[in-house]
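A look at the structure
Listed here are the chains, written in short residue letters.
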Amino acid sequence: MALAITRKRVGEALAVRGWGGQSAAMWKALALMAPFALPFPALAGPLVGVEGDIFVLGEVHDNPAHHVAQAEAVSDIAPRAVVFEMLTPEQAARVTDTLLADPEALGAALAWEESGWPDFAMYYPIFVAARGAEIIGGAVPRDRTMGVLENGLAASFGDAADLFGLTDPLPEEELATRLNLQMEAHCGKLPVEMLPDMVDIQRLRDAVLARAAITAEAETGGPVAVIAGNGHVREDWGVPAYIARVAPELTVVTLGQGEDGGTPDGGFAVTIDAPGVDRGDPCAVFE
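Notes on the structure follow. (Residues numbered from 1 in each chain as written. Predicted model: local features only at pLDDT ≥ 70, side-chain atom pairs only at ≥ 80, totals over all residues. Heavy atoms only, no water.)

Here's the deal with the overall build of the protein chain
The line we're drawing: Here a helix means four or more residues in a row that DSSP labels H or I, a strand means two or more in a row labelled E, and each is numbered from the N terminus. For every residue, the accessible area (1.4 Å probe, protein chains only) is compared with the maximum for its type, and the residue is labelled buried under 20%, exposed over 50%, or partly exposed between those bounds. In this description, contact between two residues means that some pair of their heavy atoms is separated by no more than 4.5 Å. In this description, accessible areas are obtained by the Shrake-Rupley approach with a 1.4 Å probe, and a residue is regarded as covered only by the protein chains that are shown.
Summing up its helical and strand segments, the protein chain has 14 helices and six strands in all. Split into buried and exposed, the 287 residues of the protein chain put 47% on the buried side. Looking at the protein chain alone, contacts between residues at least 24 apart form 74% of all its contacts between residues at least 6 apart. As presented, the protein chain carries roughly 13,200 Å² of accessible surface, and 54% of it is formed by carbon and sulfur atoms.

The following block contains the structure:
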């Protein structure tokens, strides 16, 4: 995974376009425009001129500005396939050119409202920007996710689990870090004995997304874009790490998106920032 070369190219592109220090006012304006996005973005995106085989584009799921940036990045990339963390393969197969012209019909066809993801209006511009690309579902169906608890990580992934490193235990330091992250993500309310399973489920989701991206690149010739949360996009142990392990010949470009000046953890080729959103008390749901 030629990340050193990628970072150089990214740096040159950002310098030319003036990206990397966008104003809060601009991002707020873009966020407001998201539900009404045109079939093409009005501004050049964060990855214009950047070359790669697979582009893994992060987000904070409920931040509208992050989805605007992803839509612009997809327009920059002009991918032949787009893998969505939010869609199962069965859902992705429902997407048609006709539905892409009708956000309400597309959202209904995908049963988006029932899925638990944020408002489809935030994600719709990404689908519009991806028009002409194959839409691929990279989500792990719930029964397979729960299968990790009963059958283990490798069995839930299936063939080539060893190739993806899913038969190997994590290094102790990484495991400790990830266990703590899971505890924080669940506001300290998750039983300690469940934390290793949560880490394994995250590993499964990362590996499935990576496999989908690698397969899509092989079948379409690339480039491929992946839409996922920042936690899946991090270079140290997320989707890019699995791609590097299985297909090191591919050039991967990662985009991480922060809020209010913060930088997401894990390492990214490119990071951009946007205003945060008011989420209230995220731990209230556990009370």
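Regarding the packing of aromatic side chains
The condition is simple: In this analysis, rings of Phe, Tyr and Trp, with Trp reduced to its six-membered ring, are considered paired at centre separations within 6.5 Å, and the interplanar angle assigns stacked below 30 degrees, edge-to-face beyond 60, and tilted for intermediate values. Comment: the charge-over-ring label is applied if NZ (Lys) or CZ (Arg) is within 6 Å of the ring centre and within 35 degrees of the ring normal.
Counted according to the given criterion, the structure contains seven aromatic pairs. Between Phe84 and Phe127, the aromatic rings sit 4.4 Å apart at their centres with planes inclined by 5 degrees, giving stacked as the arrangement. Highlighted residues: Phe84 in strand 2 (residues 81–84) and Phe127 in helix 8 (residues 120–129), separated in sequence by 43 residues. Using a relative accessible area of 0% as the deciding quantity, one classes Phe127 as buried. Ring plane angle 50 degrees and centroid distance 6.1 Å describe the contact between Phe120 and Tyr124, whose orientation is recorded as tilted. Note that Phe120 and Tyr124 are positioned in helix 8 at a spacing of four residues, about one turn of the helix. Joined through ring pairs, the aromatic side chains of Phe84, Trp112, Phe120, Tyr123, Tyr124 and Phe127 make up one cluster. When the ring centre of Phe157 is taken as reference, the NZ or CZ atom of Arg211 above it lies at 4.0 Å. Just above the ring of Trp237 sits the side chain of Arg234; from NZ or CZ to the centre is 3.7 Å.

Section: the packing of helix 12 (residues 195–220) against helix 14 (residues 239–246)
Heads up, the rule is: Axis lines are fitted to C-alpha atoms, over the contacting stretch for helices. Their N-to-C directions set the angle, which ranges from 0 to 180 degrees. Throughout this description, any angle smaller than 35 degrees is read as roughly parallel, any larger than 145 degrees as roughly antiparallel, any in the 65 to 115 degree range as roughly perpendicular, and the remainder as oblique. When the near helix sits turned anticlockwise from the far one by under a right angle, the crossing is termed left-handed; a clockwise turn instead gives a right-handed crossing. Each residue receives one of three labels: charged for Asp, Glu, Lys and Arg, nonpolar for Ala, Val, Leu, Ile, Met, Phe, Trp, Tyr, Cys and Pro, and polar for the others, Gly being one of them.
Across the interface, helix 12 lies against helix 14 with an axial gap of 8 Å and an inter-helix angle of 55 degrees. In terms of their interaxial angle, helix 12 and helix 14 are classed as oblique. Seen from above, helix 12 lies across helix 14 with right-handed handedness. Contact residues: helix 12 offers Arg203, Asp206, Ala207, Leu209, Ala210, Ala213 and Ile214, while helix 14 offers Val239, Tyr242, Ile243 and Val246. Partitioned by chemical class, the residues of the contact of helix 12 with helix 14 number nine nonpolar, no polar and two charged.

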